[in-house]
Amino acid sequence: MDTKKIIALENQFGAKNYKPLDVVLEKGSGIWVWDVEGKKYMDCLSAYSAVNQGHCHPKILKKMASQMEKLTITSRAFRNNQLSLFYQDLCKLTHSHMVLPMNSGAEAVETVIKAVRKWGYQLKNIPDGKAQIIVCDNNFHGRTLTIVGFSSEEQYKDGFGPFTPGFVSIPFGDAKALEKAITPYTVAFMVEPIQGEAGVIVPKEGYLKKIRKICSQNKVVLIFDEIQTGLGRTGKLLAEEHEDVESDVTLIGKALSGGCYPVSAVLSNEEVLGVFLPGDHGSTFGGNPLACAVAREAVKVLIEENMIENAAQMGAYFQSGLKKIRSPLIKEIRGKGLMIGVELKKEAGGARSYCEQLMEKGLLCKETHIHVIRFAPPLVITKKDIDWALERISAVLAP
Ligand SMILES: *Cc1c(COP(=O)(O)O)cnc(C)c1O
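Reading the values: the criteria
Residues numbered from 1 in each chain as written. Predicted model: local features only at pLDDT ≥ 70, side-chain atom pairs only at ≥ 80, totals over all residues. Heavy atoms only, no water. Near = heavy atom within 4 Å. Polar contact = N/O pair within 3.5 Å; in protein donor to acceptor, adjacent residues only side chain to side chain. Areas by Shrake-Rupley, 256 points an atom, 1.4 Å probe, with all protein chains shown as cover. Nonpolar A, V, L, I, M, F, W, Y, C, P; charged D, E, K, R; others polar. Pairing = 2+ DSSP bridges. Helix = DSSP H or I, 4+ residues; strand = E, 2+ residues; numbered from the N terminus. Axes fitted to C-alpha atoms, helices over the stretch in contact; angles between N-to-C directions. Parallel < 35°, antiparallel > 145°, perpendicular 65-115°, else oblique. Left-handed = near helix turned anticlockwise from the far one by under 90°. Contact = heavy atoms within 4.5 Å. Buried < 20%, exposed > 50% of the residue type's maximum accessible area, 1.4 Å probe, protein only. Arc of directions from axis to C-beta. Patch = residues over 30% accessible without salt bridge, like charges linked within 9 Å, V, L, I, M, F, W, Y side chains within 5 Å. Salt bridge = Lys/Arg side-chain N within 4 Å of Asp/Glu carboxyl O. Domains from an automatic or database assignment. Phe/Tyr/Trp six-rings, centres within 6.5 Å; stacked < 30°, edge-to-face > 60°. Lys NZ or Arg CZ within 6 Å of the ring centre and 35° of its normal.

Engineer: In this structure, what is going on with the site of the ligand? I would like to understand it.
Structural biologist: Around the ligand sit Ser-104, Gly-105, Ala-106, Phe-140, His-141, Gly-142, Glu-192, Asp-225, Ile-227, Gln-228 and Lys-254, and those are all the residues in its vicinity. Backbone polar atom of Gly-105 to an oxygen atom of the ligand: 2.8 Å apart, as the coordinates give it. In the model, a nitrogen atom of the ligand is placed 3.3 Å from a nitrogen or oxygen of the Phe-140 main chain. Burial of the ligand by the surrounding chains reaches 81%, relative to a free accessible area of 380 Å². Residue composition of the shell around the ligand, grouped by class: 3 nonpolar, 5 polar and 3 charged.

Printed below as a string of structure tokens:
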């Protein structure tokens with residue numbers, strides 16, 4: 001079937017909750033993907049950073065296939081031999097004490113919300129039903145009802161109320177605002193170290209250190225949502241390492257499976273996840289042996305193949321190349337590692353049409369927040385590939 005027919009079919013039967021670019025992909029390898037017409041593209045989105053290790057990484061696929069033939073799921077009614085190893089690997093790697101496995105990122109967020117609330121009632125003696133969680137304006141933590149309820153994006157909420165109470169939102173990057181917002185009922189502050197969906201917003205140097213200190217002083221749990229920034233994307237295993245800060249709880253997902261399977265995890269100190277008792281929380285697929293085997297291999301590959309250092313080096317190279325493009329359309333270029341945002345001026349009329357032009361030239365990326373083009377290729381990208389991309393970006397932005 002050709003592109004037009006496939007799109008027509010999709011439009012006929014599918015819910016319209018996305019507005020994808022009109023490219024129909026059927027194959028991928030590393031940073032490259034191919035459409036049904038055989039045209040090759042460089043993937044500069046990486047499925048919102050779910051495929052940091054590159055498409056169809058052979059080692060991850062091999063592990064997946066071999067585990068699939070042994071055992072895929074047990075449910076948590078029984079134990080399986082992959083889960084404990086998954087725990088051990090993640091704790092060693094991230095200096096965490098306890099792990100809770102889930103599937104999607106949003107589920108990891110929901111999980112930590114439950115955990116910190118219970119923590120607040122038990123360990124801070126907050127009166128029942130009063131627990132408050134502080135979040136940031138322009139956050140993105142997922143799409144469940146509780147999560148969209150504290151989004152500042154009107155469309156995420158419009159028509160979907162009523163919402164879960166117990167959330168307060170403050171400006172991102174403003175440590176003083178956090179200090180002011182804390183009350184005796186505050187249990188946690190949840191924040192992305194770099195806001196991704198908001199348009200790659202990097203806070204001022206020192207912000208993470210400051211909020212760490214404020215949370216400690218006030219006995220507030222600091223939660224980093226590293227579902228997008230984690231696992232090498234910003235040139236460190238976790239973005240919090242850029243300021244040498246440790247959260248109380250870190251959420252990871254997306255690239256945790258190298259894009260092969262939905263796997264997420266709550267990484268925590270003993271106190272927070274320690275509040276859960278049997279029956280408090282669960283997921284049929286969470287922690288299944290297939291997910292655990294795939295995730296272990298995906299993390300191993302990330303480290304063994306030096307993808308994290310590569311992200312730091314190639315990210316710097318990509319950013320400096322972008323900064324050399326003399327375009328009257330560009331307002332700002334920002335980011336860390338291979339999480340890069342190019343903000344266009346309002347006069348450019350939105351980033352979407354430039355993404356479409358880049359697609360024509362064989363480079364896939366996606367606008368975020370109307371005026372920003374995000375460049376976030378798989379972390380296996382090379383200098384030569386970046387030069388190839390820069391040529392096309394330059395041709396579109398500075399014709
Ligand atoms: C993608 C994302 C989520 C949600 O993950 P899903 O797997 O789509 O539910 C949460 N937080 C951040 C920062 C994300 O980028």
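Engineer: Would you take a moment to explain the sheet that holds strand β3 (residues 40-43) for this structure?
Structural biologist: The strands that make up a sheet pair up through hydrogen bonds in the backbone, lying either parallel or antiparallel. Taken together, 4 strands build an open sheet; the order of strands is β1-β2-β3-β13 and the sheet is mixed. Edge positions in the open sheet fall to β1 (25-29) and β13 (363-364), since each of these has one partner strand only. Bridging between β1 and strand β2 (residues 32-35) involves 4 bridges; their strand directions are antiparallel. Bridge pairing in β2 places Ser-29 opposite Trp-32.

Engineer: Would you mind going over the packing of helix α13 (residues 352-360) against helix α14 (residues 383-397) with me for this structure?
Structural biologist: The relative placement of two packed helices is expressed as an angle between their axes plus a distance between the axes. As a packed pair, α13 and α14 sit with axes 10 Å apart at the nearest point and diverge in direction by 130°. Overall, the two elements α13 and α14 adopt an arrangement that is oblique. In this structure, the crossing between α13 and α14 has a hand that is right-handed. Between α13 and α14, the residues in contact are Tyr-354, Gln-357 and Leu-358 and Arg-392, Ile-393, Val-396 and Leu-397, respectively.

Engineer: Please explain α13 as it appears in this structure.
Structural biologist: The periodicity of an α-helix, 3.6 residues per turn, causes residues three or four positions apart to be oriented the same way. Among all positions in α13, only Arg-352, Tyr-354, Cys-355, Leu-358 and Met-359 are buried. Across the axial projection of α13, the buried residues extend over an arc of 160°, all falling on one side. Turning to α13, the residues buried within the fold contact β3, β12 (339-344), β13, β14 (366-368), β15 (372-375) and α14. Gly-362 sits one or two positions beyond α13 and adopts a positive phi of about 95°.

Engineer: What exactly am I supposed to notice about a nonpolar patch on the surface here?
Structural biologist: Residues Met-1, Leu-9 and Phe-13 make up a contiguous nonpolar surface patch of about 380 Å² in total accessible area. Positionally, Phe-13 belongs in helix α1 (residues 3-13).

Engineer: For this particular structure, what's the right way to read the domain arrangement of the protein chain?
Structural biologist: Interface extent is often summarised as the accessible area lost during association of the parts. Assigned domains of the protein chain: these are domain 1 (3-56 + 306-397) and domain 2 (58-304). Measuring from the centre of the C-alpha atoms in domain 1 to the corresponding centre in domain 2 gives 26 Å. On the side of domain 2, 34 residues touch domain 1, which itself brings 30 residues to the contact. Across the pair Glu-197 and Arg-374 runs a salt bridge, and its minimum N-O distance is 2.8 Å. Applying the counting criterion to the domain 1 and domain 2 interface returns 20 residue pairs in polar contact (both at pLDDT 80 or more). For the side of domain 1 that touches domain 2, the secondary structure elements donating two or more residues are α2 (46-49), α12 (307-323), β11 (330-336), β12 and β15. For the side of domain 1 that touches domain 2, the element with the most residues is α12, which contributes 4 residues. Considering only residue class, the side of domain 1 that touches domain 2 consists of 16 nonpolar, 11 polar and 3 charged.

Engineer: Looking at this structure, I do not really get the packing of helix α3 (residues 58-70) against helix α11 (residues 289-304). What am I missing?
Structural biologist: Packing of α3 against α11 leaves a shortest axis separation of 9 Å and a crossing angle of 160°. The angle between α3 and α11 falls in the class roughly antiparallel. Here the hand of the crossing between α3 and α11 comes out right-handed. Together, Lys-59, Ile-60, Lys-63, Met-64, Gln-67 and Met-68 of α3 and Pro-289, Leu-290, Ala-293, Val-294, Glu-297, Ala-298 and Val-301 of α11 make up the contact between the two elements. Considering only residue class, the contact of α3 with α11 consists of 9 nonpolar, 1 polar and 3 charged.

Engineer: Is there a simple way to think about the packing of aromatic side chains in this case?
Structural biologist: In total, this model carries 6 aromatic pairs according to the counting rule given. Look at Phe-86 and Tyr-87: their rings are 6.3 Å apart centre to centre, the planes differ by 45°, and that puts the pair in the tilted class. Classification of Tyr-87 as partly exposed rests on a relative accessible area of 23%. Their ring planes at 70° and their centres at 5.6 Å tell us that Phe-172 and Tyr-207 sit as a pair that is edge-to-face. Taken as a pair, Phe-172 in the loop between β6 (167-170) and α8 (175-181) and Tyr-207 in helix α9 (residues 207-217) lie far apart in primary sequence, 35 residues in all. Both residues of the pair, Phe-172 and Tyr-207, belong to the buried class. It is Arg-143 that lies over the ring of Tyr-156; its NZ or CZ is 3.9 Å from the centre. Lys-383 extends its terminal NZ or CZ atom over the ring of Tyr-317, reaching a point 5.1 Å from the ring centre.

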